Amino acid sequence: MATGDLELAALTKRYGDTTAVDAIDLKVPKGTYCCLLGPSGCGKSSTLRMIAGHETVTSGDIVLSGQNITDAPPARRGTAMMFQNYALFPHLSVIDNVAFSLKMKGVGKSERRARAGELLELVDMSARADRLPSQLSGGQQQRVALARALVTDPQILLLDEPLSALDPFLRERMRSELKGFQRRLGITFIHVTHSQDEALALADLVIVMNDATIQQAGTARDVFDAPRNEFVARFMGGHNILQKDGGPVAVRADRIAVGRGKAGLGARLSGVEYLGTTVKLALDAGAAGDLTALVPDAAFFSDPLSLGDEVTLSWDAADEHQLAG
Ligand code: ADP
């Protein structure tokens, strides 16, 4: 195992009768942007907190750079955590916030100020080193929190819903900043989110979780374009699920052609949503269920359909993607 590689082996967390994480196995190579994605309560935060050492492990192992860190204290694991609410100390200046954990480790004042200064430069906050957190915007506070987490030189940075407190505009900007920092640092980021868009935009490795287990681990394109099972297909969105003789299949909504001819699956148009570049059509296909088609806006408006129109749906057989039950 190379330096910076992380491995979880049969990692399990139980709280009384609740199994929050059920024997998950996962390998995350050094330098990966990894997102833990899933609905609320699926076990993402418990997994992250066990990696951070903020939660005891019920059974299984956490191995980082070949060392078993399952029971090591948080400050000795080579991991660092950035919290959702940033948790900056309100009475300390920006630079003292960043230098705080070095002070706890007994690092001398000039050395810790120099190191904190380097990190403030990395996150472009040098000009505000002497301000208090309350004098910063949300995005600036986040950059300081990031610098503070990175000051201990972690091999892995853990981020628990780091963007959820930001407004949508800032969220997208900080999202690309996070990715930029991760690339520049070359360390692994493990980022918990319940947002599909966030995971697809950021991650080299997306881990889709549900009910305390990993449903699929793969690239963003894998989990979106080739979902393994019905849960992943529904959760990632953008797919229709059809029950065929051979089991369930997924067909992407943007692969469904909507026509007025006779050939294809008959359906009635029950809803139209204009999304800008595409138009989302809700279709009632009788026994085949409710389906969704996404059509390019130009194609839709060249011959617009009206609610209640009878249409036919077709797609290439090659676009049917078999799902595990
Ligand atoms: P997520 O981060 O995906 O929302 P969590 O890891 O927080 O999921 O929670 C997984 C499950 O464990 C949930 O059923 C939750 O209620 C339960 N749980 C989490 N933390 C505790 C705790 N400290 N005590 C008891 N149950 C907990």
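The structure displayed is predicted, hence computed values, not measured ones.

A. Representation of the overall build of the protein chain. For the protein chain, the helix and strand inventory stands at nine helices and 18 strands. Counting only C-alpha atoms, the protein chain reaches 80 × 45 × 35 Å along its principal axes. Taken across its 325 residues, the protein chain has 45% of its residues classed as buried. Across the protein chain, the fraction of contacts at a sequence separation of at least 24, relative to all contacts at a separation of at least 6, is 63%. When the accessible surface of the protein chain is totalled, it reaches about 15,500 Å², and 48% of it is carbon and sulfur.

B. Summary view of the sheet that holds strand S12 (residues 247–252). Reading across the sheet, the three strands line up as S11-S12-S18 and stay open at both edges, with antiparallel pairing between neighbours. Edge positions in the open sheet fall to strand S11 (239–244) and strand S18 (321–322), since each of these has one partner strand only. Judged from the six bridges that link them, S11 and S12 form a sheet pairing that is antiparallel. In the sheet register, Leu-242 faces S12, and the bridge partner there is Val-249.

C. Structural context of the environment of Ala-201. Relative to the helices and strands, Ala-201 is located in helix H6 (residues 196–202). Residue Ala-201 is classed as partly exposed on the basis of its relative accessible area of 42%. Distance in space between the C-alpha atoms of Ala-201 and Arg-175 is 8.2 Å, their sequence separation being 26 residues.

D. Fine view of the sheet that holds strand S4 (residues 59–64). Here we have four strands laid out as an open sheet, ordered S2-S1-S4-S5, and antiparallel in their pairing. In this open sheet, the two edge strands, each paired with only one partner strand, are strand S2 (18–28) and strand S5 (67–68). Inspection of the sheet shows strand S1 (residues 6–15) paired to S4 by five bridges, in the antiparallel sense. Along S4, the bridge assignment pairs Glu-7 with Val-63. Contacting S1, S2 and S4, helix H1 (residues 44–52) runs over the sheet at an angle of about 115° to S1.

The rules behind the values
Residues numbered from 1 in each chain as written. Predicted model: local features only at pLDDT ≥ 70, side-chain atom pairs only at ≥ 80, totals over all residues. Heavy atoms only, no water. Helix = DSSP H or I, 4+ residues; strand = E, 2+ residues; numbered from the N terminus. Buried < 20%, exposed > 50% of the residue type's maximum accessible area, 1.4 Å probe, protein only. Contact = heavy atoms within 4.5 Å. Areas by Shrake-Rupley, 256 points an atom, 1.4 Å probe, with all protein chains shown as cover. Pairing = 2+ DSSP bridges. Axes fitted to C-alpha atoms, helices over the stretch in contact; angles between N-to-C directions.

In short, the description is geometric, and any link to function would need to be established separately.
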